[in-house]
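# Geometric and topological summary
Here is how the chains run, residue by residue.
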Amino acid sequence: MPHGHPIGVDVGLEKFLATSDGVLVKSPKFLKVMQSKLKLLQRRLSRKNKRSKNYKKQRIKVARLHHAIDNTRKDFHFKQAHALCDSGDMIFMEDLDYRTLAKGMLGQAMLDAGFGQFRTITKYVCWKRGKFFSEVNSRGTSQECPECGVEVKKDLSVRVHHCHSCNYTTDRDVASGQVIRNRGIELQRTAGYVGIQNAYADGLPGIEMSQSRSKSKTRKGTTRKSKK
Ligand SMILES: [Zn+2]
């Protein structure tokens, strides 16, 4: 059940993650080092004669390093997921399909970061520790002001969110995390869990509006049903 302190989590390549509470975690350097070493080993492998003894030896080296990278990444993801659960009770992430994104421009880097795996692990750790986890609509999370909700357009090079409407200024990724958190709260609210209001959502802008909107929706729904 949703309860307590909500955290919106934005994942990315610039930083591994940013939370709505302003926590920033850099992408781990040790993985990058390992990955460049892997490329080196693979290059050596490609120069070796297939079916030779050296080829077999080299192939084992590559496989071992692959394995080590997978483990190191998984370990990092688990640590981050636990850290999130340490600091919050509800974790919200975007419902992005990272595999589709990986087919685009940022391909290999996206796959190397393993965002899909991180989300799966976070979901699992939340379940294990009795925390609430939910995915939210990812559309335009980086282009919206978390304080007043207006659209603040910025391309990837702009690292700071500065709202021209309400003057709210914060790190770009933190702002995304806060939008994700707001959407998570909104989602639970429309799903009918009003208890969260006391925990956090009280002070959020736009909550009153959205509340009346969702109420009127349900009212319409019931009248339609009663006509039948
Ligand atoms: Zn604003």
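All residue numbers here refer to positions counted from 1 along the written sequence of the relevant chain. In keeping with the model being predicted, local features are shown solely for residues with a pLDDT of at least 70 and side-chain atom pairs are shown and tallied solely at 80 or more, while totals for entire chains, interfaces and linings include all residues.

### Considerations on the overall build of the protein chain
Along the backbone of the protein chain there are eight helices and seven strands. For every residue, the other C-beta atoms within 10 Å of its own C-beta are counted; 20 or more classify it as buried, 12 or fewer as exposed, and values in between as partly exposed. C-beta atoms are placed from the backbone. The buried share of the protein chain, taken over its 228 residues, is 28%. Counting only contacts in the protein chain whose residues sit at least 6 apart along the sequence, the fraction spanning at least 24 positions is 64%. A run of H or I in DSSP becomes a helix once it reaches four residues, and a run of E becomes a strand once it reaches two; helices and strands are each numbered from the N terminus. Once C-beta atoms are placed from the backbone, any two residues with those atoms within 7 Å are in contact.

### Here we look at helix H2 (residues 53-87)
A helix is expected to reach a length of 1.5 Å times the quantity of its residues less one. In a regular helix each residue adds 1.5 Å, so 35 residues correspond to 51 Å; H2 covers 52 Å between its end C-alpha atoms and thus fits that length. Those residues of H2 that are buried are in contact with strand E1 (6-11), strand E2 (17-19), strand E3 (24-25), helix H1 (29-47), strand E4 (90-94) and helix H5 (115-128).

### Overview of the packing of H2 against H5
Geometry is summarised by axes, namely lines fitted to C-alpha atoms with helices restricted to the contacting stretch, and by angles between N-to-C directions that run from 0 to 180 degrees. H5 packs onto H2 with a crossing angle of 45° between their chain directions and a minimal axis gap of 9 Å. Considering their axes alone, H2 and H5 lie oblique with respect to each other. In this structure, the crossing between H2 and H5 has a hand that is right-handed. Packed against H2, whose contacting residues are His-77, Phe-78, Gln-80, Ala-81, His-82, Leu-84 and Cys-85, the element H5 presents Gln-117, Phe-118, Ile-121, Thr-122, Val-125 and Cys-126 at the interface. The cut-offs work like this: below 35 degrees is roughly parallel, past 145 is roughly antiparallel, 65 to 115 is roughly perpendicular, and the gaps in between are oblique. Throughout, a crossing is termed right-handed when the near helix is turned clockwise from the far one, and left-handed when it is turned anticlockwise from it by less than a right angle.

### A closer look at unusual backbone geometry
Phi is positive for Arg-51, close to 75°, though the residue is something other than glycine. Counting through the fold element by element, Arg-51 comes out in the loop between H1 and H2. Its 7 C-beta neighbours within 10 Å are what place Arg-51 among the exposed residues. Although it is not a glycine, Asn-167 adopts a positive phi angle of roughly 75°. Assignment of secondary structure puts Asn-167 in the loop between strand E6 (160-162) and strand E7 (169-171). Judged by local crowding, Asn-167 falls into the exposed class, with 10 C-beta atoms found within 10 Å.

In short, the description is geometric, and any link to function would need to be established separately.
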